[in-house]
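Given next are the chains, with one letter for each unit.
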Amino acid sequence: MARLILLLPSLALALVAPARPLVRTTTRLSPLQAETVKEVKLKQAPNLESPPVDSSKQAPKVNGGIVIGLRKLAVVTGASSGLGLYGALSLAKRGDYYVILACRNVERAERVAKEMGFPANSYTVLKCELGSFQSVRDFVFNLRAFKGPRPLDALVCNAAVYLPADPKPRFTEDGYEMSMGVNHLGHFLMTQLLLPDLQKAKGARCVIVGSITGNSNTIGGGLVYPRADLGDLSGLKAGPGAEMADGKPFFGAKAYKDSKVCNMMTVQEMHRRFNAKTGITFSSLYPGCIAETGLFREKRGWFRSIFPVFMKYVTGGYVSETEAGDRLAQTVWDPVAAKSGVYWSWNGNAQQVGLYDPSSGSVKGAGGSGGEIFENAYSASTKDESTAAAMYEASMAACGLGELSQKRAGGSLDGEQ
Ligand code: NDP
């Protein structure tokens, strides 16, 4: 019990509300959000497995052009649970998006999508194991076979693993530490390969989910040990076998934070390199603390039960999966979020402690729900342009795209044909 009391404040601080808004914009409620600003019943984060890397191939599906019709096309990675699942559902329910659920476990994703009531003919599951460069390439091949020459309107890089309890590193198929490999490098490769498909769309968006835990100007990212720090990038530059980006020994909680810093740096670097040339919007977001998702799957049962309650009623940083999904979808469809290079957040009720309301007999006024979308500030460490450029080049090399990087530096924006 004493351990629990000591641990919770630090975990809570790691995930509390974003910094104050720089720019305020009007909130627009999507069809789902309108239903969900009501009180939600808290549940426990699922006890999911973190399975080994499975890069088996899927036979390509075709004729997507006919199925998709006049709708826009969006890809969401990690759409089999949590933020990605609810974000993809929110987009699919709008009616003007056809959604590709890019998931490592196709069977599970198909089952979950049915259970969640995705509208008929609004989605297709395509296999994508982010812990394997070959699987990412196979996904891109299958996506192109499915969609044909039509453009890709949105790419949402959402999937992630968080492995704070691992004493030793796990590695991807290509030999990279798992959090960095899945959260950053797998998505980095996918983004690079799909750049030409995005470029073909008018007003295309590439959204990479960030986190305050990678942001050193917040309590969660800056004060809670360990801090994200890419150091001299010697680990990332060293290639397969390195345990951490900075070349130091493995530290699971820091590896997640480092990968999130890379996610947020990638958005800014891609914005600087490609926004003016391609018109693609590159953005990141912090959706709030979604304390019930599978991200906390490695945590023990007592943690998964108490964490949502604590985040909702004590720190006020909690947001439901449904509302967080609406927030993710908003960065894809809302004209307000068309601005590139931005790190979006929502100014909900976070940091407000819940109060018992005797008239209703319930706790009210807590939770990071509601509020308006705003342009949050990147932390100085994620804004460091020279580290971002070095991280970008090291990531291109890690993904086997060194030559493409040179071609692009020479002005060509072609993909790797
Ligand atoms: P979940 O664990 O619920 O979802 C993670 C998704 O990623 C799952 O669909 C999972 O697939 C998928 N995934 C994991 N590993 C791989 C892999 N190797 N290849 C392909 N897909 C994989 O977590 P969340 O929904 O909470 O997290 C989603 C995003 O939100 C992450 O980027 C996270 O950093 C971010 N975030 C979350 C916060 C929170 O409070 N939860 C706060 C801030 C940011 P499967 O179903 O097969 O396991």
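What you are looking at is a predicted structure, and each value in this text was computed from that prediction instead of being measured.

Caption draft 1: Focus on the nonpolar core. Counting 69 residues, the largest nonpolar core has I100, F139, L155 and L230 as its most contacted members. Every element with two or more residues in this core is listed here: β2 (72–77), β3 (97–103), α6 (133–147), β5 (154–157), α7 (178–199), β6 (205–209), α10 (252–278) and α14 (385–398). Examining the composition of this core, we find that 11 residues originate from one element, α7, more than from any other. Sequence-distant contacts of L230, that is, excluding residues within four places in its chain, are made with M180, A245, D246, D258, V261, C262, M265, T387 and M391. Counting 38 residues, the second largest nonpolar core, distinct from the first, contains Y86, Y123, A337 and W346.

Caption draft 2: α6, seen in detail. Look at α6: 21 Å from first C-alpha to last across 15 residues, which is about the 21 Å you get at 1.5 Å a residue. Of the surrounding secondary structure, the elements contacted by the buried residues of α6 are α3 (64–68), β2, β3, β4 (123–127), α7 and α14. In the segment just after α6, G148 is the residue with positive phi, at about 65°.

Caption draft 3: Structural context of the side chain of N263. Relative to the elements of secondary structure, N263 occurs in helix α10. A distance of 3.0 Å separates the side chain of N263 from the backbone oxygen of N183, its partner in a polar contact. Excluding anything up to four places from it in sequence, N263 contacts N183, H184, I208 and V209.

Caption draft 4: Expanded view of the packing of α7 against α10. Viewed as axis vectors pointing N to C, α7 and α10 meet at an angle of 15°, and their least axial separation amounts to 9 Å. What the angle tells us is that α7 and α10 run roughly parallel. At the point where α7 passes α10, the crossing takes the right-handed sense. Between α7 and α10, the contacting residues are S179, M180, N183, H184, F188, T191, Q192, L195 and Q199 on the first element and A255, Y256, D258, S259, C262, N263, T266, M270, F274, K277 and T278 on the second. Broken down by class, the residue content of the contact of α7 with α10 amounts to 8 nonpolar, 10 polar and 2 charged.

Calculation criteria
Residues numbered from 1 in each chain as written. Predicted model: local features only at pLDDT ≥ 70, side-chain atom pairs only at ≥ 80, totals over all residues. Heavy atoms only, no water. Core = buried A, V, L, I, M, F, W, Y, C linked by side-chain atoms within 4.5 Å. Buried < 20%, exposed > 50% of the residue type's maximum accessible area, 1.4 Å probe, protein only. Helix = DSSP H or I, 4+ residues; strand = E, 2+ residues; numbered from the N terminus. Contact = heavy atoms within 4.5 Å. Expected span 1.5 Å × (residues − 1). Polar contact = N/O pair within 3.5 Å; in protein donor to acceptor, adjacent residues only side chain to side chain. Axes fitted to C-alpha atoms, helices over the stretch in contact; angles between N-to-C directions. Parallel < 35°, antiparallel > 145°, perpendicular 65-115°, else oblique. Left-handed = near helix turned anticlockwise from the far one by under 90°. Nonpolar A, V, L, I, M, F, W, Y, C, P; charged D, E, K, R; others polar.

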